[in-house]
Amino acid sequence: MARITASVYTSHVPAIGAAMDLGKTHEDYWKPLFAGYDFSKQWMKDNKPDVIFLVYNDHATAFSLDMIPTFAIGTAAEYKPADEGYGARPVPVVKGHPELASHIAQSVIQQDFDLTIVNKMDVDHGLTVPLSLMCGEKDPVKDAWPCPVIPFAVNVVQYPVPSGQRCFNLGQAIRKAIESYDEDINVHIWGTGGMSHQLQGARAGLINREWDNNWLDLMINDPVACANVPHIDYVREAGSEGIELVMWLIARGAMADVNNGKVTGPAPKLTHRFYHVPASNTAVGHAILENA
Amino acid sequence: MALDKPYKDVPGTIIFDAEQSRKGYWLNQFCMSLMKAENRTRFKANERAYLDEWAMTEEQKKAVLARDLNWCMRTGGNIYFLAKIGATDGLSFQQMAGSMTGMTEEEYRNMMLKGGRSAEGNRYIGEDGDAQEKNQPQGAGKKG
């Protein structure tokens, strides 16, 4: 049986990818940020998954206004890093896991979540920056990512985006789907985006360290309450783009302590936690939770 | 019956909802076209002619030509789409975000290094924070 052993949470700021691609990680501006991921890179080597189920959002890259799927699962064999206007990031092609992805799609749809199935798309910084942060620099040709990745894109660009509660419920359905897969494989589920940031208007640059850390406490220790936080709180307290944090609740909902919408089991182990301001316009949050 | 839009009272913020998206459809789709290098070249060679190929409003075209991102957003633009214009101009996301505040690039960068903009006074329209309409523009933009 396939099982989820851990969840990883991280911001996915594009400037972090640019800093890695341009060799700026040792500059004073970036050093404290990358230091927060030293532990995580070693942890990834020591706890290598067979598959990563990676929840992220597309930033007007694969999905224009032609089509706006709320939840989209990638079932392709591979995904190319996208040209977002600066040329594609020089990182390896992302290999998919079509068999497990198709299995999850079927199971989750049967659990009443209407997923969009995507057989062809490029992936932007929302997906590749978390991989770079957790796996380190990779040569686009000579290297490869450590395992296949299932991209799971959530619309957080056009309102209304899915609620925290719906994301949390979806995470539980994804876990059921993964646990009904016969092959004995180890899956990580990652939730990415956030934390506080606003990229628009006179309020651009908003950061709310206190709110972010309280939210992180809640997400880790009382996910049921965290799922109840309404959209408007994210907008008001964490900036218009802080709403990306609802994606973390998909990963949290997939952990073993959550069953039928309640916390019923022992809390997962908090292996690592990190917070840093700023990366470009954004507060960076990061955590690793392991199932007991 | 009216839709629930509790986000209308957040200062200095336009939430990109279905209404904005409908208004901004062609503006945003024009921005998407700039993801192709050949289109970036054509746009730069003659901006007005390139814009005239799109079913955008005259106001949207003017807002793009002026590189006024706040104006673009009022006419339905979304920042992730508008960012393609910035990328075409060789700007970073931080430069683009900062341009909407009136601050110089350095002022905005320094604000972020000091921990970013505080939420204090900036949660509801009518408070006295630095993002309130009465306090615009910010930084060096104020002097102009």
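Residues numbered from 1 in each chain as written. Chains lettered and ligands numbered in written order. Predicted model: local features only at pLDDT ≥ 70, side-chain atom pairs only at ≥ 80, totals over all residues.

(A) Spotlight on helix 1 (residues 14–21) of chain A. Of all 8 residues in helix 1 of chain A, 6 are buried; the element is thus mostly enclosed. Among the residues of helix 1 of chain A, those classed as buried are Pro14(A), Ala15(A), Ile16(A), Gly17(A), Ala19(A) and Met20(A). Taken together, the buried residues of helix 1 of chain A touch helix 2 (31–35), helix 5 (125–135) and strand 11 (269–279) of chain A together with helix 8 (93–99) of chain B. Backbone geometry just after helix 1 of chain A places Gly23(A) at a positive phi near 70 degrees. (Buried ≥ 20, exposed ≤ 12 C-beta atoms within 10 Å, placed from the backbone. Helix = DSSP H or I, 4+ residues; strand = E, 2+ residues; numbered from the N terminus. Contact = placed C-beta atoms within 7 Å.)

(B) Seen up close, the interface of chain A and chain B. Taken together, the contact pairs 34 residues of chain A with 47 residues of chain B. At the level of secondary structure, the elements contributing two or more residues to the side of chain A that touches chain B comprise helix 1, helix 9 (231–238) and strand 11 of chain A. The element contributing the most residues to the side of chain A that touches chain B is helix 9 of chain A, with 4 residues.

(C) Up close: the sheet that holds strand 11 of chain A. Residues and elements named next belong to chain A. Spatially, the 8 strands line up as an open sheet ordered 6-3-7-2-8-1-12-11, and their pairing is mixed. Each of the sheet's edge strands pairs with one partner strand only, and the pair in question is strand 6 (116–118) and strand 11. Adjacent strand axes in the sheet meet at a mean angle of 20 degrees, parallel and antiparallel pairs treated alike. Two strands pair when backbone bridges link them, and strand 3 (residues 71–74) and strand 7 (residues 149–154) are joined in this way by 3 bridges, in the antiparallel orientation. Looking at strand 7, one finds that Phe 71 is bridged to Val 154. Together, strand 2 (51–56), strand 3, strand 6 and strand 7 form the strand contacts of helix 4 (residues 98–110), whose direction differs from that of strand 3 by roughly 150 degrees. In this fold helix 6 (residues 164–179) packs onto strand 1 (3–10), strand 2, strand 3 and strand 8 (186–192), with an angle of close to 145 degrees to the strand it touches most, strand 1. (Pairing = 2+ DSSP bridges. Axes fitted to C-alpha atoms, helices over the stretch in contact; angles between N-to-C directions.)

(D) Expanded view of the nonpolar core. Grouped together as the largest cluster of nonpolar side chains are 121 residues, with contacts concentrated most on Leu54(A), Ile174(A) and Met247(A). When residues no more than four places from it in sequence are discounted, the contact partners of Met247(A) are Val55(A), Tyr56(A), Asn57(A), Val154(A), Val156(A), Cys167(A), Gly191(A), Thr192(A) and Gly193(A). (Core = buried A, V, L, I, M, F, W, Y, C linked by C-beta atoms within 7 Å.)

(E) Representation of the confidence of the model for chain B. The predicted model of chain B has a mean per-residue pLDDT of 95, with 99% of residues at 70 or higher. Reported confidences for the modelled complex are a pTM of 0.97 and an ipTM of 0.95. (pLDDT = per-residue confidence, 0-100.)

(F) Representation of the pairing of strand 2 of chain A in the model. All names here are of chain A. Of all 6 residues in strand 2, 6 are buried, a share of seventy percent or more. Of the two faces of strand 2, the one carrying Val 51, Phe 53 and Val 55 and the one carrying Ile 52, Leu 54 and Tyr 56 are both buried. Of the strand pairs in this sheet, strand 2 and strand 8 are connected by 5 bridges, and their pairing is parallel. Bridge assignment links Leu 54 to a residue of strand 8, and that residue is Trp 190. Here strand 2 runs beside strand 7; their pairing, made up of 5 bridges, is parallel. If you follow Leu 54 over to strand 7, its bridge partner there is Pro 151.

(G) Examining unusual backbone geometry more closely. A cis geometry characterises the amide bond from Tyr159(A) onward to Pro160(A), with omega recorded as -5 degrees. Structurally, the position occupied by Pro160(A) is in the loop between strand 7 and helix 6. Here the bond from Gln136(B) into Pro137(B) is cis, since omega is -15 degrees, no more than 30 degrees from zero. Residue placement: Pro137(B) occurs in the segment after helix 9 (105–113). Even without a glycine there, the phi angle at Asn260(A) is positive, about 50 degrees. Topologically, Asn260(A) is positioned in the loop between strand 9 (258–259) and strand 10 (262–263). Since 7 C-beta atoms lie within 10 Å of it, Asn260(A) is described here as exposed.

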